[in-house]
Amino acid sequence: QVQLVESGGGLVQAGGSLRLSCAASGRTLRKYAMGWFRQAPRKGREFVAAVSWNGRTTRYADAVKGRFTLSRDNAKNTVYLQMNSLKPEDTAVYYCAARGGPTVSGSVGDYDYWGQGTQVTVSS
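Residues numbered from 1 in each chain as written. Predicted model: local features only at pLDDT ≥ 70, side-chain atom pairs only at ≥ 80, totals over all residues. Heavy atoms only, no water.

Visitor: Please provide a residue-by-residue account of the sheet that holds strand β3 (residues 18-25), values included.
Guide: In space, the four strands of this open sheet follow the order β1-β3-β8-β7, with antiparallel pairing throughout. Here the strands that pair on one side only, and so sit at the sheet edges, are β1 (3-7) and β7 (68-73). Between one strand axis and the next, the sheet turns by 15 degrees as a mean value, whatever way the strands run. Across six bridges, β3 lies against strand β8 (residues 78-83) in antiparallel orientation. Paired with Arg19 across the two strands is Gln82, which belongs to β8. (Pairing = 2+ DSSP bridges. Helix = DSSP H or I, 4+ residues; strand = E, 2+ residues; numbered from the N terminus. Axes fitted to C-alpha atoms, helices over the stretch in contact; angles between N-to-C directions.)

Visitor: Just give me the short version of the environment of Leu81, but keep the residues and values in it.
Guide: Following the sequence through the fold, Leu81 ends up in strand β8. Put simply, Leu81 and Gly26 are 55 residues apart on the chain and 21 Å apart in space, counted from C-alpha to C-alpha. Here Leu81 is in contact with Leu18, Arg19, Leu20, Trp36, Val48, Ala49, Phe68, Thr69, Leu70 and Tyr94, once residues within four sequence places are set aside. (Contact = heavy atoms within 4.5 Å.)

Visitor: So what's going on with the pattern of salt bridges? Residues and values would help.
Guide: Scanning all chains against the criterion turns up four salt bridges. Salt-bridge contacts for Asp62 lead to Lys65; the nearest nitrogen and oxygen are separated by 3.1 Å. With relative accessibility at 66%, the residue Asp62 sits in the exposed group. Residues Arg67 and Asp90 are paired through a salt bridge, measuring 2.8 Å at the closest nitrogen-oxygen approach. (Salt bridge = Lys/Arg side-chain N within 4 Å of Asp/Glu carboxyl O. Buried < 20%, exposed > 50% of the residue type's maximum accessible area, 1.4 Å probe, protein only.)

Dropping the structure here:
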């Protein structure tokens with residue numbers, strides 16, 4: 001089992017930045033690809049970004065490309081999502097997820113473990 005805990009969410013003005021963290025316990029994340037997803041009110045959960053187990057491959061949703069950066073520190077069993085130039089439409093609950101296996105995926109169904117989520121609110 002892998003337990004994931006997100007942190008770093010909050011309220012920020014449009015154009016501002018936040019850094020989300022996802023700390024894992026239970027197992028090392030070295031053999032897991034990691035992803036971030038988000039869910040806005042009355043919408044489905046959508047893909048934001050993903051990184052391969054070794055950090056060499058990343059994938060981003062078009063809506064966040066050039067603004068968000070996903071990184072991982074396997075020694076600390078933690079992944080990060082740096083979010084810059086935030087927009088009101090980025091407002092959502094952000095979830096961290098772990099996928100057994102090395103490759104990235106943008107599909108919710110491919111992930112085995114999920115955190116509880118952290119709220120990000122961007123005011124205009």
